[in-house]
Amino acid sequence: LIDTAEQMNAIGAESNDWDKHFRLMADIDLGGYSGTDFNIIAPVRKGGPYFTGSFDGGGHTISNFTYGPTDVNSVALFGNVRGRIENVGLIDPNIDAVTRFGVAPLVDWLNMGSMSGCYVRGGAVRGNQWVGGLVAYNIGTITDCFSTAAVDGQTLAGGLAGYNNGVIAACSSAGSVTGGNTVGGLLGLNNGTITGCSSAGDVASTYKVGGIAGENRL
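Residues numbered from 1 in each chain as written. Predicted model: local features only at pLDDT ≥ 70, side-chain atom pairs only at ≥ 80, totals over all residues. Heavy atoms only, no water.

**With respect to the overall build of the chain**
Put simply, the rule reads: Note on conventions: DSSP H or I runs of at least 4 residues are helices, E runs of at least 2 residues are strands, and numbering of each starts at the N terminus. The quantity called the radius of gyration is restricted to C-alpha atoms. Its globule counterpart is 2.2 Å times the number of residues to the power 0.38. Three exposure classes are used, based on accessible area relative to the maximum for each residue type with a 1.4 Å probe and protein chains only: buried under 20%, partly exposed in between, and exposed over 50%. Note on contacts: a residue pair is in contact if any heavy atoms of the two residues lie within 4.5 Å.
Across its full length, the chain holds one helix and 28 strands. Expected size for 218 residues packed as a compact globule is a radius of gyration near 17 Å; at 15 Å, the chain falls within 12% of this value. Referenced to the eigenvectors of the C-alpha coordinate spread, the extents of the chain come out at roughly 45 × 30 × 30 Å. Counting the 218 residues in the chain, one finds 53% classified as buried. Long-range pairs, those at least 24 residues apart, make up 80% of the contacts in the chain between residues at least 6 apart in sequence.

**Quick notes on helix α1 (residues 5-13)**
Definition in use: Here the arc refers to the directions that run from the helix axis out to each C-beta atom.
Within α1 the residues assigned to the buried category are Ala-5, Met-8, Asn-9, Ile-11 and Gly-12. The arc enclosing the buried residues of α1, seen along the axis, measures out at 140°, which places them on a common side. In α1, the exposed positions angled more than 90 degrees off the buried face are occupied by Glu-6 and Ala-13. The elements touched by buried residues of α1 are β1 (21-23), β2 (28-29), β3 (54-56), β4 (61-63) and β6 (78-81).

**A look at the packing of aromatic side chains**
Selection rule: Here a Phe, Tyr or Trp ring, Trp counted by its six-membered ring, pairs with any other such ring whose centre lies within 6.5 Å, and the pair is stacked when the planes are under 30 degrees apart, edge-to-face when over 60, and tilted otherwise.
The tally for this structure, following the rule as stated, stands at eleven aromatic pairs. Look at Phe-101 and Trp-130: their rings are 5.7 Å apart centre to centre, the planes differ by 80°, and that puts the pair in the edge-to-face class. Here Phe-101 is found in strand β10 (residues 101-103), whereas its partner Trp-130 is found in strand β14 (residues 124-132), with 29 residues between them in sequence. By relative accessible area, which is 27% here, Trp-130 ends up partly exposed. Among the aromatic side chains, those forming a connected cluster through ring pairs are Phe-101, Trp-109, Trp-130, Tyr-137 and Tyr-163.

**Overview of the sheet that holds strand β13 (residues 119-121)**
Paired through their backbone hydrogen bonds, the strands of a sheet run either parallel or antiparallel. We count it as follows: Two strands form a pair only when DSSP identifies at least two bridges running between them.
The seven strands are arranged β2-β4-β8-β13-β17-β21-β25 in an open sheet whose pairing can be described as parallel. Every other strand in the sheet has two partners, leaving β2 and β25 (198-199) as the edge strands with one partner each. Relative to strand β8 (residues 89-91), β4 runs parallel, the two sharing three bridges. Within the sheet, the bridge partner assigned to Ser-63 lies in β8 and is Ile-91.

Okay, here's the thing in structure tokens:
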């Protein structure tokens, strides 16, 4: 049971707990962690390890998640997720990783895991490649989620996710998205399934740009 910012930060410091099941019991504020102080949970590294447990936000929020500048890839609250994330909102995250890959507020790589009932409200996300307002890279299942974060990525940038090769259903985005290549209001690049989704944010790019997806391969 997670009641404080300190307990949330402790999850990332103990890889033996990344197969456990967590529930958020209160709204928490991560504003006390700056730069690269926060311990990212299961950051993407070759060969794992993964977060295979579950995190239930219980309808609570996590505010002011701040990270960067950084010279390390995989910047998100959770890195490599093969478990389940649900019912949690992030308020005003601020991520500055303009030269890095795999950048998003909640999850970097949803790696055959699932996410439902999650959202990001406000904030800004800046990265290089695979940059999303909620998730950077999805090969899992995302349902009933949304983001209003402003996203800025050089390539493969989207208001909800930078890249999708999984399933995204009943999701939306409303933040502005800017970038140079393969940039979309909802997704940068779609190679999976999108159903019942929408996007309402401004999108600006010089190559492969779209209101829903910058590039759709299906």
